[in-house]
Amino acid sequence: MLRDYLRLARPLDWLKNGFVLLGLLFAEAWDDRALVVAVALVTIAFCFAASAVYALNDAIDATADSAHQSKRLRPVASGALSTDQARRFAAGLGVIAIGLAASVNWRAAVTVTAYLLLNAAYTFGLKRIAFLDVLAIALGFMLRVLAGTWGVGIAPSGWLLANAAMLTLFLGLAKRRAEIVSPNDSAATRRALLNYHPRLLDWLVPATALGTFGLYLAFSLDSAIMRQHGTNLLWLTALFVALGLGRYVFLVFRRAKGENPARDLVGDWIIGLAILGWIATTAALLAIY
């Protein structure tokens, strides 16, 4: 049963909470021990909050998931855990998440609570409305960035929020495109898919990928950002962004990937290289200059 609860929590998807750390990175505040601890606590809080959302979603969608080729293997859909057990697990994780965030300050607690409420709305209705479902996902990632900035006392960057929003719009639309062409009958578990058209998504996915790259490149070439970080070489990190985005588009259109972004990001060595290269190059430029 412990293994089933762990599967229900989906720890692999905690990678998404790396967005909480971006504020600390670009604030160049990694030598502030109190701030590092605060950001770490908020990141852990988001891990618990995300798992609470997954557990609630699986409890609500158990019947539909049982008809899906791969989702039927999930703990609740397969009958390994009951819907009541999943709901209690979700409630407990949610309380822990808010408690951890509250130990930092009220702003962090508000951000985590807003994330939980947003995802409750997503689970009970927004995910059935085309495009609002993807926008809700993007807003969830923006809340992660806010938690790692405003939530811990770092001034939030408009560039950071905009880049997070555009990137997650791209990933969300790519996920919908992968689901709608999947042979797993994903429309049975996502009613919103009925209102998406594959041809429209074939345009929107590369368009948002280009938008993500363009927005990031504009950020890296902004004179104010150059002055803030004392370097005019941040544009070098855009090369890794281009590599990662291009590879992901290739996986979506030529390898039928994209249904599980976290697994695809971890499982592809080229994307892994792009992510590690971006982290290493960004950290080195900020530290050196």
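Refer to the preceding data block for the structure.
Just so we're clear, the structure is a prediction, and the values are computed from it rather than from any experiment.

Thresholds, definitions, all that
- Positions within a chain are numbered from 1, following the residues in the order the chain's sequence is written.
- Per-residue local features of the predicted model are confined to residues with pLDDT of at least 70, and side-chain atom pairs are confined, for both listing and counting, to 80 or more; whole-chain, interface and lining totals are unaffected and use all residues.
- Based on all heavy atoms of the structure, the side-chain values leave hydrogens and waters out of the count.
- In summary, the pairing rule links any two rings of Phe, Tyr or Trp, Trp by its six-membered ring, whose centres are within 6.5 Å, and it sorts them by plane angle into stacked for under 30 degrees, edge-to-face for over 60 and tilted for everything else.
- Every helix listed is a DSSP run of H or I at least four residues long, and every strand listed is a run of E at least two residues long, numbered separately from the N terminus.
- Burial here depends on accessible area, computed with a 1.4 Å probe over protein chains only, as a share of the maximum for the residue type. Under 20% is buried, over 50% is exposed, and the range in between is partly exposed.
- Over a ring means this: the NZ of a Lys or the CZ of an Arg is within 6 Å of the ring centre and within 35 degrees of the ring normal.
- Helix span, expected: 1.5 Å multiplied by one less than the number of residues in the helix.
- Two residues form a contact once any of their heavy atoms are found within 4.5 Å.
- Throughout this description, a polar contact denotes any pair of N or O atoms lying within 3.5 Å of each other; where both atoms belong to protein, one of them has to be capable of donating a hydrogen while the other can accept it, and for residues adjacent in sequence the pair is counted only when both atoms sit in side chains.
- The term salt bridge refers to a pairing of a side-chain nitrogen on Lys or Arg with a carboxyl oxygen on Asp or Glu at a separation within 4 Å.
- Axes here mean lines fitted to C-alpha atoms, for a helix over just the part in contact, with angles spanning 0 to 180 degrees between N-to-C directions.
- Note on terminology: angles under 35 degrees are roughly parallel, angles over 145 are roughly antiparallel, angles of 65 to 115 are roughly perpendicular, and the others are oblique.
- The sense of a crossing depends on the near helix, which, turned anticlockwise from the far helix by less than a right angle, makes the crossing left-handed and, turned clockwise, makes it right-handed.
- The patch calculation keeps residues exceeding 30% relative accessible area without a salt bridge and links them within 9 Å when they carry like charges or within 5 Å when they are nonpolar (Val, Leu, Ile, Met, Phe, Trp, Tyr).
- Note on areas: Shrake-Rupley with a 1.4 Å probe; residue coverage comes only from the protein chains shown.
- In this tally Asp and Glu are treated as negative and Lys and Arg as positive; neither His nor the chain ends contributes.
- Note that the charge is assigned to NZ on lysines, CZ on arginines, CG on aspartates and CD on glutamates.

J.: I'd like a rundown of the packing of aromatic side chains, residues and numbers included.
T.: Applying the stated criterion across every chain, the model contains 10 aromatic pairs. Seen from their ring centres, phenylalanine 19 and phenylalanine 141 are 4.9 Å apart, and the 65 degrees between their planes marks the pair as edge-to-face. Within this pair, whereas phenylalanine 19 is found in the loop between α1 (2-9) and α2 (22-26), its partner phenylalanine 141 is found in helix α7 (residues 132-147), the two being separated by 122 residues in sequence. Of the two residues examined, phenylalanine 19 and phenylalanine 141, each falls in the buried class. By way of ring pairs, the aromatic residues Phe26, Trp159, Tyr216, Phe219 and Trp278 are connected into one cluster. Positioned above the aromatic ring of tryptophan 150 is the side chain of arginine 107, whose terminal nitrogen or guanidinium carbon lies 5.9 Å from the ring centre. In this structure, arginine 144 packs its charged tip against the face of phenylalanine 141, placed 4.5 Å from the ring centre.

J.: Describe α7, and please don't skip the residues or the numbers.
T.: For α7, spanning 16 residues, the distance from its first C-alpha to its last is 22 Å, which sits close to the expected 22 Å at 1.5 Å a residue. Among the residues of α7, those classed as buried are Asp133, Val134, Ala136, Ala138, Gly140, Phe141, Leu143, Arg144, Val145 and Ala147. Contact partners of the buried residues in α7: α3 (33-60), α6 (106-124) and α8 (158-180).

J.: Can you break down the side chain of aspartate 61 residue by residue, with the values?
T.: Position of aspartate 61 among the secondary structure elements: in the loop between α3 and α4 (62-65). For aspartate 61, the side chain forms a polar contact with the side chain of lysine 127, separated by 2.2 Å.

J.: With reference to specific residues and values, describe α3.
T.: Across its 28 residues, α3 extends 41 Å between first and last C-alpha, which sits within 8% of the 40 Å expected from 1.5 Å per residue. The N-cap of α3, judged by a side-chain oxygen 3.3 Å from the amide nitrogen of alanine 34 a few residues on, is aspartate 32.

J.: Report on the pattern of salt bridges, specifying residues and quantitative values.
T.: Here the structure, examined in full by the defined rule, presents 11 salt bridges. Between arginine 176 and glutamate 179 there is a salt bridge; the shortest N-O distance is 3.2 Å. Taken together, the residues arginine 176 and glutamate 179, both in helix α8 and three residues apart, mark about one turn of the helix. In terms of burial, arginine 176 and glutamate 179 fall into one category: buried. Between aspartate 202 and arginine 177 there is a salt bridge whose closest N-O contact spans 2.8 Å. Remark: arginine 177 occurs in helix α8 and aspartate 202 occurs in helix α9 (residues 198-221); sequence separation between them is 25 residues. Judged by relative accessible area, which is 12%, arginine 177 ranks as buried. A single network of salt bridges, built from pairs that share partners, joins Asp133, Lys175, Arg176 and Glu179.

J.: Would you mind going over the packing of α8 against helix α11 (residues 237-254) in detail, with residue names and values included?
T.: It is at 10 Å that the axes of α8 and α11 come closest, and there the two elements cross at 15 degrees. Classified by the angle their axes make, α8 and α11 are roughly parallel. Read as a crossing pair, α8 and α11 show a hand that is left-handed. Taking contact as the criterion, the partners of Leu167, Phe170, Leu171, Ala174 and Arg177 in α8 are, on α11, Leu245, Tyr248, Val249, Val252 and Phe253.

J.: Which residues make up the environment of tyrosine 216, and what values do they have?
T.: Here tyrosine 216 is to be found in helix α9. Of the residues examined, tyrosine 216 reaches a relative accessible area of 8% and is grouped as buried. Residues within four places of tyrosine 216 in sequence aside, it is in contact with Asn163, Thr237, Ala238, Val241, Trp278 and Thr282.

J.: Break down a positive patch on the surface for me, with residues and values.
T.: Taken together, Arg254, Arg255, Lys257 and Arg263 make up a surface patch of like positive charges. Mapped onto the secondary structure, arginine 263 falls in helix α12 (residues 261-267).

J.: Got a sec to walk through a nonpolar patch on the surface? Specific residues and values, please.
T.: On the surface, Leu12, Leu15 and Val266 cluster together into a nonpolar patch covering about 260 Å² of accessible area. The topology assignment puts leucine 15 in the loop between α1 and α2. A residue is classified by how much of its surface remains accessible, and leucine 15, at 52% relative accessible area, is exposed.

J.: Residue-level account of the environment of glycine 246, with values.
T.: Inspection of the secondary structure assignment puts glycine 246 in helix α11. It is 19 Å that separates the C-alpha atoms of glycine 246 and phenylalanine 219, two residues lying 27 residues apart in sequence.

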